[in-house]
Amino acid sequence: MVHVTRQFKVNVEQSVAVAYLKDFGNATDWDPGSVANERLDSGPIQVGSTWRNTSKLIFINTELRYELTQMRDDGVVFVGTNATATSIDTIDVIPAGDGNGVRITYDANVTFNGTARYADPLMTLIFLKLAGETVAGITRELGKL
């Protein structure tokens, strides 16, 4: 299993950050691995909304179906699945405590299935590298709001 957590501060209101982050379609703007996202349902974004995400991690292309499984005032949870992996992305957004912005905790857990689990050590290194770029991407995009 790959597990990466990053915590960082962004000067944006909590409700604005959660409203942006609940739309997984925005991941192509802030996630360095996401190259395409297609919403699979329609209507308001809510628990149960789904996306088809195409990611490229170094030389590996993969497609996962992501579902918004939790939506709270202080964050969201997405679960992405395909035949070889399950990804659980938890994004918590809480007031920073100093009255300026929010503290975001991004927690990614990826479990590989079958023979793909042997890629854990390599994928851990890839995800650790991408974690910093993800923080920079979320910070940049939320800063535009």
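Coordinates for the structure precede this section.
The following refers to the structure shown. Within every chain, residues take consecutive numbers counted from 1 along the sequence as written. It should be noted that, the model being predicted, local features are given only for residues of pLDDT at least 70 and side-chain atom pairs only at 80 or more, the latter also being counted only at that level, while totals for whole chains, interfaces and linings use all residues. Processing note: side-chain calculations cover all non-hydrogen atoms of the structure and skip hydrogens and water entirely.

### Re the sheet that holds strand β1 (residues 2-10)
Inference 1: Strand order in the open sheet formed by seven strands is β1-β7-β6-β5-β4-β3-β2, and the pairing between neighbours is antiparallel. The sheet terminates laterally at β1 and β2 (34-39), the two strands that pair on one side only. Shown here is a sheet whose adjacent strand axes are inclined to one another by a mean of 20 degrees, direction ignored.
Inference 2: Bridge analysis of β2 against strand β3 (residues 50-57) gives five bridges, and the strand direction is antiparallel. Across the sheet, Arg39 pairs through a bridge with Trp51, a residue of β3. Any two strands are treated as partners once DSSP identifies two or more bridges connecting them. Strands are runs of DSSP state E lasting at least two residues, helices are runs of H or I lasting at least four, and both sets are numbered from the N terminus onward. Note on geometry: axes are C-alpha line fits, over the in-contact stretch for helices, and angles between N-to-C directions span 0 to 180 degrees.

### Quick look at the nonpolar core
Inference 1: Definition of nonpolar core: a set of buried residues of the types Ala, Val, Leu, Ile, Met, Phe, Trp, Tyr and Cys, connected through side-chain atoms within 4.5 Å. Only protein chains enter the area calculation, which uses a 1.4 Å probe; residues under 20% of their type maximum are buried, those over 50% are exposed, and those in between are partly exposed. Leu21, Val93, Ile104, Ile138 and Leu142 are the most contacted members of the largest nonpolar core, which totals 26 residues.
Inference 2: Looking at this core, the elements with two or more residues in it are β1, α1 (14-21), α2 (27-30), β4 (60-72), β5 (75-81), β6 (85-95), β7 (102-112) and α3 (120-143).
Inference 3: Should any heavy atoms of two residues lie within 4.5 Å, those residues are counted as being in contact. The contact partners of Ile138, leaving out residues within four places of it in the chain, are Phe8, Leu21, Trp30, Ile104 and Tyr106.
Inference 4: By size, the runner-up hydrophobic cluster in this structure holds five residues, among which are Val2, Ala85, Val110 and Phe112.

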